[in-house]
Amino acid sequence: MKTLILITAFLFSNIMISATETKIMIRAKARDAKFIGTSLGGAHIIIRNKLNQRILAEGNTTGSTGNTDLIMKTPKIRGNSITDEQTGGFIAAVDIDEPTFVNIEVVSPLNSKQAQAVVSTELWLIPGKHILGEGIILEIPGYIIDILKPRTHQYIALNSIKDKPFLFQANIVMMCGCVIDKGGVWNSDEIEVKGILKKDGKLVKNIDMSLVSTNLFEGSHMIGSPGNYELVLYAYHEKTGNTGVDKVNYVVFE
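Residues numbered from 1 in each chain as written. Predicted model: local features only at pLDDT ≥ 70, side-chain atom pairs only at ≥ 80, totals over all residues. Heavy atoms only, no water.

Considering the overall build of the chain
When you go through the chain residue by residue, the secondary structure sums to two helices and 16 strands. Radius of gyration (C-alpha) of the chain: 24 Å, far over the 18 Å computed for a compact globule of 254 residues. Based on the C-alpha atoms only, the size of the chain along its principal axes is roughly 90 × 50 × 25 Å. Looking at the chain as a whole, 42% of its 254 residues qualify as buried. Within the chain, contacts between residues at least 6 apart in sequence are counted, and of these 69% link residues at least 24 apart. Here the chain displays about 13800 Å² of accessible surface, and carbon together with sulfur accounts for 53% of that area. Between the averaged position of the 26 positive side-chain charges in the chain and that of its 26 negative side-chain charges there is a distance of 2 Å. (Helix = DSSP H or I, 4+ residues; strand = E, 2+ residues; numbered from the N terminus. Rg over C-alpha atoms; globule rule 2.2 N^0.38 Å. Buried < 20%, exposed > 50% of the residue type's maximum accessible area, 1.4 Å probe, protein only. Contact = heavy atoms within 4.5 Å. Areas by Shrake-Rupley, 256 points an atom, 1.4 Å probe, with all protein chains shown as cover. Lys, Arg positive; Asp, Glu negative; His and termini not counted. Charge placed at Lys NZ, Arg CZ, Asp CG, Glu CD.)

Structure follows, in structure tokens:
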């Protein structure tokens, strides 16, 4: 029995010794925008062995959203990096003893569930052959949209809103948290923002939403009857095909 234990310990020690730490930098970049880092709560990274689905490493990206001029304004040339030492990312340290085919999954934005997207890629990791620097960059499509008015399942008395415009309000940012403003890098004039208003399941009207201050969009409609209302609010950028949606239900009663 003692001999068996010693043989097992020897074999296990050999396995541990033969495993080589391999580092890989993973970054999440918003479509048509910057990197997802600490300011937005990060993107969650999971690296799995493709063969058996065992998790080899996981964690959140940290760091800055990156240099705006470098990412958004400088022409991309092969060999030139769009990241620097402060740019958000996650360095995974994976112990492998042979070339391993892995799946890398990014869940982002971590703290905005209604806008959350899952993006993945697959590649071979070679023991001791690090993938650092700019690393592996996965693109996260979408917009983070938060409807501010009306509130979810808000009960509103009809006599409090009758004969005056009912205000719809939403905060919209890029998936990295980058701001949307008139004439800015992410120009509100290029983004179509509309609300699809329904009452008791039937279309009432499409609501035009306009920027009133940085990230803040507003629209209005005269509501003259009680019912169960739903607002589906979307943002759409034709040049990039980027889209985002948020929904809210509220009740108007007499």
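A closer look at the pattern of salt bridges
Going through the model one piece at a time under the given rule, you end up with nine salt bridges. Measuring nitrogen to oxygen at the nearest pair gives 3.9 Å for the salt bridge that ties Glu 134 to Lys 76. In this pair, Glu 134 sits in strand E7 (residues 131-140) while Lys 76 sits in the loop between helix H2 (68-73) and strand E4 (90-96), placing the two residues 58 residues apart along the sequence. Judged by relative accessible area, Glu 134 falls into the partly exposed class, the value being 24%. With a closest N to O distance of 3.0 Å, Asp 189 and Lys 182 form a salt bridge. Of the two residues examined, Asp 189 and Lys 182, each falls in the exposed class. (Salt bridge = Lys/Arg side-chain N within 4 Å of Asp/Glu carboxyl O.)

Details of the sheet that holds strand E2 (residues 44-49)
Reading across the sheet, the four strands line up as E3-E2-E5-E6 and stay open at both edges, with antiparallel pairing between neighbours. Strands with a single pairing partner mark the edges of an open sheet, and in this sheet they are strand E3 (55-60) and strand E6 (117-125). Taken over all neighbouring pairs, the strand axes of this sheet differ in orientation by 15 degrees on average, direction set aside. (Pairing = 2+ DSSP bridges. Axes fitted to C-alpha atoms, helices over the stretch in contact; angles between N-to-C directions.)

Comments concerning the side chain of Thr 61
With respect to the element layout, Thr 61 can be found in the loop between E3 and H2. Engagement of the side chain of Thr 61 in a polar contact is seen with the backbone oxygen of Ile 36, the distance being 2.8 Å. Looking at Thr 61, its side chain comes within polar contact range of the main-chain nitrogen of Ala 43, at 2.9 Å. Setting aside anything within four residues of it in sequence, one finds Thr 61 in contact with Ile 26, Ile 36, Gly 37, Thr 38, Gly 42, Ala 43, Ile 45, Gly 89 and Phe 90. (Polar contact = N/O pair within 3.5 Å; in protein donor to acceptor, adjacent residues only side chain to side chain.)

Function-wise, these values are silent; they only describe arrangement.
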